[in-house]
Amino acid sequence: MERTTKSKRQALVTGAGSGIGRCYALRLAALGCDLLLVGEREAPLLAVRAEIEAAHPVRVQTVACDLAQLGAAEALFARAEALGFTPDVLVNNAGIFSFCDVLRTPVERIERMLLLHDLTATKLCRLFAVQMIERGVEGRILNMSSYSLWMPFPGLALYSASKAYLKAFSVAFAKEVRERGIRVTAVCPAGVATDLYGLPPRWQRIGLRLGVLISADSCARRGLKALQRGWRCSVPDWWNRLWIPLLVVLPMWLLRPVRRFTMQFQR
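Residues numbered from 1 in each chain as written. Predicted model: local features only at pLDDT ≥ 70, side-chain atom pairs only at ≥ 80, totals over all residues. Heavy atoms only, no water.

Asker: Mind showing me how you'd approach empty space enclosed by the protein here?
Answerer: In total, this model carries two cavities of 30 Å³ or more according to the counting rule given. If you add up the space inside the largest cavity, you get close to 90 Å³. Taken together, 13 residues form the lining of the largest cavity, with Thr14, Asn92, Ala94, Leu116 and Ala121 sitting closest to its centre. Secondary-structure elements contributing two or more residues to the lining of the largest cavity are helix H4 (107–135) and helix H5 (157–177). Top element by residues in the lining of the largest cavity is H4. It accounts for five residues. In this structure, the second largest cavity encloses a volume near 40 Å³. A per-element tally of the lining of the second largest cavity places strand S6 (residues 182–187) first, with three residues. Grouping the constituent residues of the lining of the second largest cavity by class yields four nonpolar, one polar and three charged. (1 Å grid on protein atoms, 1.4 Å probe; cavity = no way out; pocket = protein on both sides within 12 Å on 5 of 7 lines; lining within 4 Å. Points joined across faces, edges and corners; volume = space filled by probe spheres on them. Helix = DSSP H or I, 4+ residues; strand = E, 2+ residues; numbered from the N terminus. Nonpolar A, V, L, I, M, F, W, Y, C, P; charged D, E, K, R; others polar.)

And the structure:
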């Protein structure tokens with residue numbers, strides 16, 4: 001995704017109105033990519049568009065749509081084609097966080113999470129990958145998974161499972177399409193200082209100072225670096241990788257006191 005002068009690359013970013021998605025859009029614009037920003041609400045997208053256009057000579061378009069519903073992928077693909085937008089880079093960043101036991105989670109939220117993280121993302125990968133292959137371009141697809149896939153803890157059953165699927169799909173899909181000129185990367189960050197988890201700004205700042213959280217921009221920078229290098233899976237920060245073997249074997253007797261404390265935060 002080097003900067004280009006003769007012909008600009010195009011990038012589509014979902015969940016681009018805030019947080020990591022906004023940072024992906026800013027960094028791709030700095031690389032010279034024209035952008036299609038996708039999100040559920042139009043106002044944040046327009047704000048990011050104005051921010052990008054004030055700083056970079058790229059073309060930015062926006063599409064406000066709800067990706068957590070059946071047919072959303074096909075609708076977005078058709079909308080992009082109608083706008084004449086054929087991305088070389090697809091960033092599936094849109095996500096929903098939920099920390100709640102399955103039995104306490106409304107069925108509608110279960111459906112929306114699985115649709116958004118898994119079905120819509122999978123269909124977008126397929127639709128745009130076919131288009132990239134037909135155009136003969138070197139395509140790049142980045143899927144935002146999560147470190148929580150190695151943390152199948154109480155309260156995270158739905159979120160961690162949906163992200164585990166996305167990581168497994170991305171790695172296998174990357175092997176399928178590599179010979180067709182497409183690179184696919186799953187990014188699995190641990191804590192990121194965004195509003196996704198419901199943390200107030202004060203606690204986000206404390207997390208950054210303690211090194212427990214990374215900034216949204218740092219996450220986007222590392223994600224694009226992994227994508228450029230063709231990595232199938234990336235876990236930002238080496239110390240997070242060290243904890244993975246321990247996380248997957250933690251016994252319930254260790255988790256039980258943590259669960260009692262965290263029950264108050266379930267929502």
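Asker: Is there a simple way to explain the environment of Glu42 in this structure?
Answerer: Topologically, Glu42 is positioned in helix H2 (residues 42–55). Glu42 sits in the partly exposed class, given a relative accessible area of 46%. Between the C-alpha atoms of Glu42 and Gly17, which are 25 residues apart in sequence, the distance is 8.2 Å. (Buried < 20%, exposed > 50% of the residue type's maximum accessible area, 1.4 Å probe, protein only.)

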